[in-house]
Amino acid sequence: MKVTTQSFVDNAREALSDARLGEAIRFAGRGSVARRQAVVDRLPEFDALRDAARDIKTHTLQYLDVYYEQYEAKMREAGGHLHFAPTAQDACDIVLDICRKAGAKNVTKGKSMITEEIGLNAYLEAHGLNPVETDLGEYIVQIRDEGPSHIITPAIHLTPEQVAEDFRRVHTDLPADRDLSEAVTMVHEARAVLRERFLAADVGITGANFLIAETGSSVIVTNEGNGDLTQSLPRVHVVVTSIEKMVPTLEDVSVLLRVLARSATGQELSVYTTFSTGPRRENDGDGPQDYHVVVLDNGRSAMLGGEQSEMLRCIKCGACMNHCPVYQSVGGHAYGWVYPGPMGAVLDPQLLGIEAAGHLPNASTLCGRCEEICPVRIPLPRLMRNWRTEQHERGLDSARARLALVLWLALARRPRLYQAATRIAARLLALLGGKTRRLGRLPLAGGWTAHRDLPAPEGRSFHSQWRAQRDKRQ
Amino acid sequence: MSGGKSDNKARERVLGAVRRALGVRGGENARLAIVRGRLENRPRGPVPARGNLAAPGRVRLFMQMAAGADATTERVKRNEDILPAVEKFLAAHDLRHELVHGADAFIAALDWGGHKNIRRREGVARGSDEVSLTRAFAGVAETGTLVMLSGPDNPVTLNFLPFSQIAIVEAGDIAGDYETVWQRLRQHLGDGTMPRTVNWITGPSRTADIGQMLLLGAHGPARLHIIVVG
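Nothing here was measured: the structure is a model prediction, and the numbers come from that model. (Residues numbered from 1 in each chain as written. Chains lettered and ligands numbered in written order. Predicted model: local features only at pLDDT ≥ 70, side-chain atom pairs only at ≥ 80, totals over all residues. Heavy atoms only, no water.)

### Remarks on the interface of chain B and chain A
If you look at the interface, chain B gives 78 residues, while chain A gives 106 residues. Buried area between chain B and chain A, both sides added, is near 7700 Å², and the carbon and sulfur share of it is 61%. Remark: the boundary between chain B and chain A carries 11 salt bridges. A salt bridge links B:Arg42 to A:Glu214, with the nearest nitrogen and oxygen atoms 3.7 Å apart. Counting across the chain B and chain A interface gives 43 residue pairs in polar contact (both at pLDDT 80 or more). Of all the secondary-structure elements, those providing two or more residues to the side of chain B that touches chain A are helix H1 (4–22), helix H2 (29–41), helix H6 (178–189), strand S9 (197–201) and strand S10 (206–207) of chain B. Residue composition of the side of chain B that touches chain A, grouped by class: 40 nonpolar, 22 polar and 16 charged. Of the strand pairs in this sheet, strand S9 (residues 272–276) of chain A and S9(B) are connected by five bridges, and their pairing is antiparallel. Bridge pairing in S9(B) links A:Thr273 to B:Trp200. (Contact = heavy atoms within 4.5 Å. Buried area = accessible area lost by both parts, 1.4 Å probe. Salt bridge = Lys/Arg side-chain N within 4 Å of Asp/Glu carboxyl O. Polar contact = N/O pair within 3.5 Å; in protein donor to acceptor, adjacent residues only side chain to side chain. Helix = DSSP H or I, 4+ residues; strand = E, 2+ residues; numbered from the N terminus. Nonpolar A, V, L, I, M, F, W, Y, C, P; charged D, E, K, R; others polar. Pairing = 2+ DSSP bridges.)

### Looking at the domain arrangement of chain A
It is common to give the size of an interface as the accessible area lost on bringing the parts into contact. Under the domain assignment, chain A is made up of domain 1 (43–301) and domain 2 (416–473). Taken over C-alpha atoms, the centre of domain 1 of chain A sits 54 Å from the centre of domain 2 of chain A. (Domains from an automatic or database assignment.)

### Section: the domain arrangement of chain B
Domain parsing of chain B yields domain 1 (4–41) and domain 2 (49–229). Just the C-alpha atoms count here: the centres of domain 1 of chain B and domain 2 of chain B sit 40 Å apart.

### Quick look at helix H5 (residues 88–101) of chain A
Residue and element names in this part refer to chain A. Taking 1.5 Å of rise per residue, the 14 residues of H5 would be expected to cover 20 Å, and the 20 Å separating its terminal C-alpha atoms lies within 8% of that figure. Within the sequence span of H5, burial applies to Ala88, Ala91, Cys92, Ile94, Val95, Leu96, Ile98 and Cys99. Of the surrounding secondary structure, the elements contacted by the buried residues of H5 are strand S1 (81–85), strand S2 (106–109), helix H7 (120–126), strand S4 (203–206), strand S7 (236–242) and strand S10 (290–296). Remark: glycine 103 follows H5 within two positions and exhibits a positive phi of approximately 65°. (Expected span 1.5 Å × (residues − 1). Buried < 20%, exposed > 50% of the residue type's maximum accessible area, 1.4 Å probe, protein only.)

### Quick word on the sheet that holds strand S6 (residues 217–222) of chain A
In spatial order, the strands read S8(A)-S5(A)-S6(A)-S9(A)-S9(B)-S6(B)-S5(B)-S8(B); together these eight strands make up an open sheet with mixed pairing. Of all strands in the sheet, those bounded by a partner on one side alone are strand S8 (246–247) of chain A together with strand S8 (174–175) of chain B. As defined by bridge partners, strand S5 (residues 210–212) of chain A adjoins S8(A) across two bridges and the pair is classed as parallel. If you follow A:Ile212 over to S8(A), its bridge partner there is A:Val247.

### A word on the side chain of B:Asn199
Along the chain, B:Asn199 turns up in strand S9. Given a relative accessible area of 1%, B:Asn199 falls into the buried group. At 3.4 Å, the side chain of B:Asn199 forms a polar contact with the side chain of A:Asp228. Not counting chain neighbours up to four residues away, the residues in contact with B:Asn199 comprise A:Asp228, A:Thr273, A:Thr274, B:Leu146, B:Val147, B:Met148, B:Val156, B:Asn159 and B:Phe160.

### A few points about the packing of helix H15 (residues 341–352) of chain A against helix H19 (residues 380–393) of chain A
All names here are of chain A. Running from N to C, H15 and H19 cross one another at 35°; their axes reach a closest spacing of 9 Å. Here H15 runs over H19; the crossing is left-handed. In this structure, H15 contributes Pro342, Met343, Ala345, Val346, Pro349 and Gln350 to the contact, and H19 contributes Leu380, Leu383, Met384 and Trp387. Residue composition of the contact of H15 with H19, by class: nine nonpolar, one polar and no charged. (Axes fitted to C-alpha atoms, helices over the stretch in contact; angles between N-to-C directions. Left-handed = near helix turned anticlockwise from the far one by under 90°.)

### Looking at the packing of aromatic side chains
Centre-to-centre distance and the angle between the planes together describe a pair of aromatic rings. One pass over the full model with this rule turns up 13 aromatic pairs over all chains. Taken together, the aromatic side chains of A:Phe275, B:Tyr178, B:Trp182 and B:Trp200 make up a single cluster linked through ring pairs. (Phe/Tyr/Trp six-rings, centres within 6.5 Å; stacked < 30°, edge-to-face > 60°.)

### Considerations on the sheet that holds strand S7 (residues 164–170) of chain B
Residues and elements named next belong to chain B. Pairing within the open sheet is parallel, and its six strands lie in the order S1-S12-S7-S4-S2-S3. The sheet terminates laterally at strand S1 (72–76) and strand S3 (119–122), the two strands that pair on one side only. If you compare each strand with its neighbour and ignore which way they point, the axes differ by 25° on average. Summarising the sheet, S1 and strand S12 (residues 223–229) pair through five bridges and their orientation is parallel. Bridging across to S12, valine 76 finds its partner in valine 229. Across the sheet, helix H4 (residues 82–92) touches S1, strand S2 (98–101), strand S4 (131–135), S7 and S12, and the angle it forms with S12 is around 160°.

Following this line, the structure appears as structure tokens:
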């Protein structure tokens, strides 16, 4: 996927002026927040489950190498093949090699953000293969030649009318004048078109929400059932995943599954949760004959042990973007890469470099809603601040931001000067506020006051009021 | 696909990077013991109290939660009542009396002789199959979830290719929570052993990818009818 994180500011401006986009995102956002809340309210144990989910992930990351050894032994015992991919290029090469050895031409894909991260579709296409996305949302963005704008609902930025236009453009063997005014007609059309692809596929590629060390299994979670047709019909099933997906036991994965669907889509559980272990068994009449798991690092191991390692707990539920005022205003494409929203603002700088993705951790009001609802309690605002600190220390922030910080530092380090300055500022703002005590316009803060008023100070600074109180008491 | 040298090198690169970042060498006895302990003891997290019910309430909760996920459910007393329920379902949806099922002995033992009007085929699902008849290993009351094990008895494609799926679950196999079912599976197949796939199914297939409208039957069955027996 093309990286445009550098132009976040322009991307965001463009997105904000797109009324149709704004309508689509806000409509979806309101619904997902309400659905999650309703299902969470029905489960009194939800917060205890979040604590347990956090602890399971933290524990597993601490012993990750040992769990992989255990996992590897179990999945090999079941007849699976495990491949480690240090980089995105390695992962693409491994998958291509598997496809070639299988003599594959047609490849179906379940939804997988890791394959978006490594740009697998473009790579396979460039080498003569024909990969088809089968999750409806992913299929829609694939035929539009776009990336997903949300990690759970990839086509969230589109209206049904836009999808109808694309179906008419791409499904040319169907009558051009057919009625596509209802979404249900389009779902049936996609079902029929993709059914052919499922049955013709040589290799099926899925992601994994979890790997289980106890049993050597990989787990996918879907609502459509496309991931299951992808992995059950072709001769070869390839799982492409990343190192942090490991959990120790079936008990542990049960805890995580209880928070995943509720956080992601506001369901008690997704329709299909599938635990896959090895290829088909001796007497099985269906299922793949070969089962491969490709585990991608791509810079994640460097996060272990440090402050940013908390990000590796992420189970990719997307709740942070559903609750983020910035994502809800600009949508996912503005972020410029695979992972948008708060989780992307922490993860993208790690995977792309802070030089490339530096805008993202700054595109946050640090309001804290993402941390409040995160099912594995990742302190996203703190992790974004860590990136800001690193940017500043390495001199990567803008000259204007640096100048402002230098001036602020000079003021904050000189108590007398600070008090004098704030005293004057408070009086001045009180005067400007007038009778209404509100400021509709402020120099240097026009962007802020364009949408709301600043309550004017009472006229005296906190310091001077504090001193007056203390004097009175003595 | 043989592992080969490059696979081993890549494995060492990734696991080596993990160990360096964690500040460990790998193979430390204390760390191995902690992992072994967790895999042996398998501590449970918080288990929702809602499923912790006596049998009648558990079955009721299972049916209620499955209906909440848009499955249709019905309860029959005896095995003899199953095929009449199947016929009723087929007639209600105007479906041909044709279905596909696996080699499950429970299904084989149903009174097919008394229901010769239902044409059936034993095996895996094909693209042309409209209806499948399957038997669940278990049900889970907390979310109304069916637990299916792949294999010749109930081939995995029966759960996904047909437009309508009928699933039989015995009332005695309905557990309160997932943990209970995992424990039962370990007794059934042995510790740490899984069939090719374990499928948790909670309602029929759906999508909301077009304009956020929830629609059933995206790729898998648009109808899931659950018959609880006993």
